[in-house]
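Single-letter residue listing:
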Amino acid sequence: MQRYYAEQALLPDGWAEAVTIEVAPTGTIAAIVIGSPSSSAQRLAGPVIPGIPNLHSHAFQRAMAGLAEGGAGDFWEWRDLMYRFLARIGPEEVEAIAAQLYLEMLKAGYTAVGEFHYLHHAPDGQPYDDLTEMAHRVIAGARRVGMGMTLLPVLYAHGDFGGTPPGEGQKRFVNDPSQLLRMLDLLIRDYGDDHPQLRFGVAPHSLRAVTAEELAVLVAGAQVVDPMVPVHIHVAEQTREVEACLASRGARPVEWLLAEAPVDGRWCLVHATHMTPVETQALAGSDAVAGLCPTTEANLGDGLFPLGRYFTGGGKIGIGSDSHISVSPVEEMRWLEYGQRLVRRARGMFRMPDRSVGRSLLDAALAGGAQALGRPIGRLEMGCRADLLVLDAESPPLFGKSSDHLADAFVFAGNANPVRDVMVGGAWVVQEGRHGAEEAVYAAYRRALERLTA
Ligand code: NGQ
Ligand code: ZN
């Protein structure tokens with residue numbers, strides 16, 4: 001048993017002082033004890049908060065961050081650029097990019113990722129000899145750096161509503177439901193239950209990419225394998241999708257999903273940007289998590305999620321970095337709040353009872369992220385994974401602050417990253433701001449990018 005002592009830590013009930021966290025050899029928290037530390041406890045260097053889940057990632061897109069600002073006029077033009085960019089990415093590149101990305105995420109305070117994985121096949125659209133080759137590569141990237149992962153193999157069957165065939169740029173993504181369920185089986189068989197850092201879910205890509213029938217077959221099939229299987233889907237990110245959905249299915253995307261799919265606490269609706277007040281209210285009451293990715297949604301010109309009404313209705317949220325134009329939980333939380341302040345010309349939009357705004361954002365992202373990823377994370381509590389961040393109390397914006405002021409300074413006041421040490425599953429992966437594999441991972445990333453740009 002390892003014991004760690006923090007002068008201050010954010011527990012499920014709020015901030016506590018003199019906290020000892022006991023970690024079992026399995027990487028799970030065995031106990032939380034309040035009071036003076038035993039002599040065997042290692043003193044942590046600053047205030048402790050839970051590691052933050054990143055519920056939505058397309059790892060390969062990290063390598064094109066900054067390459068699409070030359071005038072790609074809208075979301076769909078950005079998507080064409082992205083399709084052209086990925087055309088040359090093979091298994092080794094995916095692994096190298098993922099490892100570099102996840103390492104940056106760890107340093108920024110993300111300790112688990114939901115990898116919405118759809119780059120399945122070779123550049124000519126043929127499956128690799130091992131159907132799960134690319135999935136193994138993103139998992140290898142996560143394990144290389146010690147990142148927790150929920151891998152969500154994506155079902156992408158069609159190019160658009162109405163079951164239209166996939167386009168040329170989409171051929172690497174394409175499977176039918178039975179092939180996707182086979183991938184899920186293979187992955188679960190390969191990794192089994194032995195890997196507390198890893199879980200599997202499924203992701204119908206969007207209502208554009210799967211028909212009603214395919215969606216039903218996928219979800220039912222996955223629930224046979226795992227009754228609590230996480231289900232993630234992109235929905236209502238762009239107004240064009242809303243219009244096309246109305247025309248094709250006679251309902252708006254979120255409205256359709258809530259009426260026709262068994263949406264509940266196992267589901268994560270990514271973006272859900274464009275909702276009517278009625279849809280917003282209904283989603284808020286569904287127990288599903290809205291997967292919000294504010295920096296990507298801003299970068300792609302999606303629109304603003306109706307956070308005010310959703311929050312008042314008791315809706316759950318989590319955050320994701322999606323296209324990885326930014327890799328910072330602070331930025332996601334900050335822009336979530338600032339988008340609302342700018343539009344509503346008011347302050348303190350996202351505020352739970354007895355908590356400051358920064359603390360509310362953090363608590364919501366922790367709880368919603370953990371739920372969406374379907375792993376025992378996001379809480380410093382017995383039985384949860386020992387995923388935690390030690391903040392640098394000497395960083396100027398944090399200095400002299402405690403409790404919610406500390407959370408607020410973390411979320412709103414810094415550009416320099418104040419995450420000092422990061423533990424995932426009981427193992428230190430970042431210490432004093434450095435990851436042990438930094439040089440090697442970066443060297444592999446460089447080689448991969450040189451091949452891509454050659
Ligand atoms: C994706 N990304 O799957 O990577 C999508 C774009 C689509 C974002 N929506 C493709 N941010 O939605 O068709
Ligand atoms: Zn996405």
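Residues numbered from 1 in each chain as written. Chains lettered and ligands numbered in written order. Predicted model: local features only at pLDDT ≥ 70, side-chain atom pairs only at ≥ 80, totals over all residues. Heavy atoms only, no water.

J.: Give me the lowdown on the sheet that holds strand β14 (residues 316-319), citing residues and values where you can.
T.: Read from one edge to the other, the open sheet built from four strands follows the order β11-β12-β13-β14, with strand pairing classed as parallel. Of all the strands in the sheet, the pair left with one neighbour each is β11 (231-235) and β14. Adjacent strand axes in the sheet meet at a mean angle of 30 degrees when their direction is disregarded. Across four bridges, strand β13 (residues 289-292) lies against β14 in parallel orientation. Bridged to Val289 within β14 is Lys316. Against the sheet, helix α7 (residues 253-260) makes contact with β11 and β12 (267-271), and its axis sits at roughly 150 degrees relative to β11, the strand it touches most. (Pairing = 2+ DSSP bridges. Helix = DSSP H or I, 4+ residues; strand = E, 2+ residues; numbered from the N terminus. Axes fitted to C-alpha atoms, helices over the stretch in contact; angles between N-to-C directions. Contact = heavy atoms within 4.5 Å.)

J.: Please set out the site of ligand 1 residue by residue, giving values where relevant.
T.: The immediate surroundings of ligand 1 are formed by 15 residues, with Arg79, Tyr118, His205, Arg208 and Glu237 found nearest. One of the side-chain N or O atoms of Glu237 is found 2.4 Å from a nitrogen atom in ligand 1. When isolated, ligand 1 has an accessible area of 340 Å², and the protein chains bury 99% of it. Take the shell around ligand 1: its biggest share by element is four residues, from helix α1 (residues 75-86). Grouping the amino acids of the shell around ligand 1 by side-chain chemistry returns five nonpolar, six polar and four charged. (Near = heavy atom within 4 Å. Polar contact = N/O pair within 3.5 Å; in protein donor to acceptor, adjacent residues only side chain to side chain. Areas by Shrake-Rupley, 256 points an atom, 1.4 Å probe, with all protein chains shown as cover. Nonpolar A, V, L, I, M, F, W, Y, C, P; charged D, E, K, R; others polar.)

J.: Before we move on, could you go through the side chain of Arg208 and cite the residues and values that matter?
T.: Here Arg208 shows up in the loop between β10 (203-204) and α5 (212-225). At 3.0 Å, the side chain of Arg208 forms a polar contact with the side chain of Glu241. In this structure, Arg208 is in contact with Trp76, Arg79, His158, Gly159, Asp160, Phe161 and Glu241, ignoring residues within four places of it in sequence.

J.: Describe a nonpolar patch on the surface, and please don't skip the residues or the numbers.
T.: Taken together, the side chains of Leu304, Trp335, Leu342 and Val343 make up a nonpolar region of the molecular surface, amounting to roughly 430 Å² of accessible area. Within the secondary structure layout, Leu342 lies in helix α11 (residues 329-344). The exposure class assigned to Leu342 is exposed, which follows from its relative accessible area of 65%. (Patch = residues over 30% accessible without salt bridge, like charges linked within 9 Å, V, L, I, M, F, W, Y side chains within 5 Å. Salt bridge = Lys/Arg side-chain N within 4 Å of Asp/Glu carboxyl O. Buried < 20%, exposed > 50% of the residue type's maximum accessible area, 1.4 Å probe, protein only.)

J.: Go over the packing of aromatic side chains, please, and point to the residues and values.
T.: Inspection of every chain in the model, using the stated rule, returns 14 aromatic pairs. With a centroid separation of 5.8 Å and 85 degrees between ring planes, the pair formed by Phe60 and Tyr118 is classed as edge-to-face. Remark: Tyr118 occurs in the loop between β7 (110-117) and α3 (133-145) and Phe60 occurs in the loop between β6 (52-57) and α1; sequence separation between them is 58 residues. The two residues Phe60 and Tyr118 agree in class, both being buried. One aromatic cluster is present, built from ring pairs that chain together Phe60, Tyr83, Tyr118, Tyr156 and Phe173. Arg240 extends its terminal NZ or CZ atom over the ring of Trp76, reaching a point 3.8 Å from the ring centre. (Phe/Tyr/Trp six-rings, centres within 6.5 Å; stacked < 30°, edge-to-face > 60°. Lys NZ or Arg CZ within 6 Å of the ring centre and 35° of its normal.)

J.: Could you give me a rundown of α7, with the residues and numbers involved?
T.: Taken together, the buried positions of α7 are Pro253, Val254, Trp256 and Leu257. Projected onto a plane normal to the axis of α7, the buried residues spread over an arc of 160 degrees and lie on a single side. Buried residues belonging to α7 abut α5, β11, α6 (239-249), β12 and α8 (277-284). (Arc of directions from axis to C-beta.)

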